[in-house]
Amino acid sequence: MARKRILVIDDQSAVRFGLRDFLETQGYEVHEADSCRQAIDTFLAVKPDAAIVDFKLPDGDALALLPRLREIDPGVPLIVLTGHGSIDLAVQAIKEGAEHFLTKPIELPALLVILRRLLDVGRAQRSQLAGSARERRRPIDPFLGSSPAIRNLAAQARKVLEADSPILIQGETGTGKGVLAGWLHRHGPRADEAFVDLNCAGLTREFLETELFGHEKGAFTGAVARKPGLLEIAHGGTVFLDEIGDVDPLVQPRLLKVLEEKRFRMLGDVRERFVDIRLIAASHANLAELARDGRFRRDLYFRISAIPLVVPPLRERGDDVLVLARVLLEHIAADVGRSVTGFDADAEDALLRYRWPGNVRELRNIIERAVLLGDGGLIGHRDLRFEAAPQAGDDELTLTLRELERRHIERVLGDTHGKVEPAARRLGISRSSLYQKLKDYGLGPSRD
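These numbers were taken from a predicted model, which means no experiment stands behind them.

**Student:** Describe the pairing of strand β2 (residues 29-33), and please don't skip the residues or the numbers.
**Tutor:** In the sheet, strand β1 (residues 5-9) pairs with β2 via five bridges, with the strands oriented parallel. Opposite Val-8, over in β2, you have Glu-32 as the bridge partner. Remark: the β1/helix α1 (residues 13-25)/β2 crossover connection has right-handed handedness.

The following block contains the structure:
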């Protein structure tokens, strides 16, 4: 996690130097401003976690500045300093949004106590909100089941929880890539911060830019007010971009800049803004192949694929289908207020025999339909209205040779619990050849 950023706003260089020197020794990242104008610009660019504001500045005072800072981000605690303290002045500052009021000369230990308390209160409030949201959503565990494929994925995911590098989740449509992304955020070091997601499929360049980066008032026709982008909203937290392979080529270099430099510009603004996020990207397409064909930037692909995770299709997870079905049934029945207790034997057999071309999403839809249209009690085979399903192997007749090879490698890796040495022997190729194929296909087994 990045260090907490403190903005010191004071026109006296000696005061700024003293505060910077002290706060940096306490582990904070310090930024400075010497006027109201510079304070607003720096506040926008840096997005501080707290600000220390001198009451008298060359181009105004704290009573005028505080509301403007509050308008930009009402969640940032503000501490006001003055050389001429009075009760009336303190009351006015508090009314304008200050959390605390201190007189000069500053007692640095007291300032540190106040600063830590204000930051802890903000963290606790975010944690409480995040906990309430988690309780309301009752998220599904992405690792339900005991198949080798899902156990391998769970082991890989737990290894990368504390890392802050981008994660690329790949897998067929409906396998639960978004569920996995949410789990990674909730169990990682940024769990108390924001989690925002955007499905990039089919979005125009203009819409994608304003959603990600935001825009200033007047940036284009119809921009009647400032709109913060998802990057700004997610500052300190996680951004999940689903179907990142569909991101417009003209937007890709801007996204790469965010990942490499942690900076971006809103539409209609010349100032760069700092942002601290962790990116989780997902795609059902083979991004490595798109990058080789020039349909996706290679540098962006290499940056987002530092940690690749592959969600297995449901048809390769065996009896996990029944585990998932029972949990989904419990959630759906509770949500719609229906008394449905489970599946009969014929229904369970049908669930196991179906090929699940739509994966977990299709499973959920079929169960939801059965709950809503059924009579309660046990769900029977007749309640499960499957789409016309190909027999085992028929769907593979339409696949390319490359996709057939990829699927076969995935199956063998699942059987060998992700171990390359036995998988290479089963496939009849060398370890180095298999590692190269894994890299090409964006697969990520554990090292032997």
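Having put the structure on the table, let's press on.
**Student:** Outline helix α10 (residues 252-261), supporting the account with residue identities and numerical values.
**Tutor:** For α10, the complete set of buried residues consists of Gln-252, Leu-255, Leu-256, Val-258 and Leu-259. Take α10 and look down its axis: the buried residues cluster within an arc of 155 degrees, on one side only. Against α8 (205-213), α9 (230-233), β12 (238-242), β13 (263-264), β15 (278-283) and α12 (298-304) lie the buried residues of α10.

**Student:** Explain the sheet that holds strand β8 (residues 167-170) to me, and be specific about the residues and the numbers.
**Tutor:** Pairing in this open sheet of five strands is parallel, and the strands run β9-β12-β15-β8-β16 from one edge to the other. Of all strands in the sheet, those with a lone pairing partner are β9 (195-199) and β16 (307-310), marking the two edges. Averaged over all pairs of adjacent strands, the angle between strand axes in this sheet comes to 20 degrees, irrespective of strand direction. Summarising the sheet, β8 and β16 pair through four bridges and their orientation is parallel. The partner of Gln-170 across the bridge, within β16, is Val-310.

**Student:** Describe the pattern of salt bridges, listing the residues and the values that go with them.
**Tutor:** Summed over the entire model, instances satisfying the criterion amount to 30 salt bridges. Linking Arg-271 and Asp-41 is a salt bridge whose minimum nitrogen-to-oxygen distance equals 2.6 Å. One end of the pair, Arg-271, is in the loop between β13 and β14 (273-274); the other, Asp-41, is in helix α2 (residues 36-46), with 230 residues separating them in the sequence. For Asp-41, a relative accessible area of 29% gives the class partly exposed. Among the salt bridges present, the one from Arg-431 reaches Glu-421, with a minimum N-O distance of 3.0 Å.

The rules we used
Residues numbered from 1 in each chain as written. Predicted model: local features only at pLDDT ≥ 70, side-chain atom pairs only at ≥ 80, totals over all residues. Heavy atoms only, no water. Pairing = 2+ DSSP bridges. Helix = DSSP H or I, 4+ residues; strand = E, 2+ residues; numbered from the N terminus. Right-handed = clockwise from strand over helix to strand, strands pointing away. Buried < 20%, exposed > 50% of the residue type's maximum accessible area, 1.4 Å probe, protein only. Arc of directions from axis to C-beta. Contact = heavy atoms within 4.5 Å. Axes fitted to C-alpha atoms, helices over the stretch in contact; angles between N-to-C directions. Salt bridge = Lys/Arg side-chain N within 4 Å of Asp/Glu carboxyl O.

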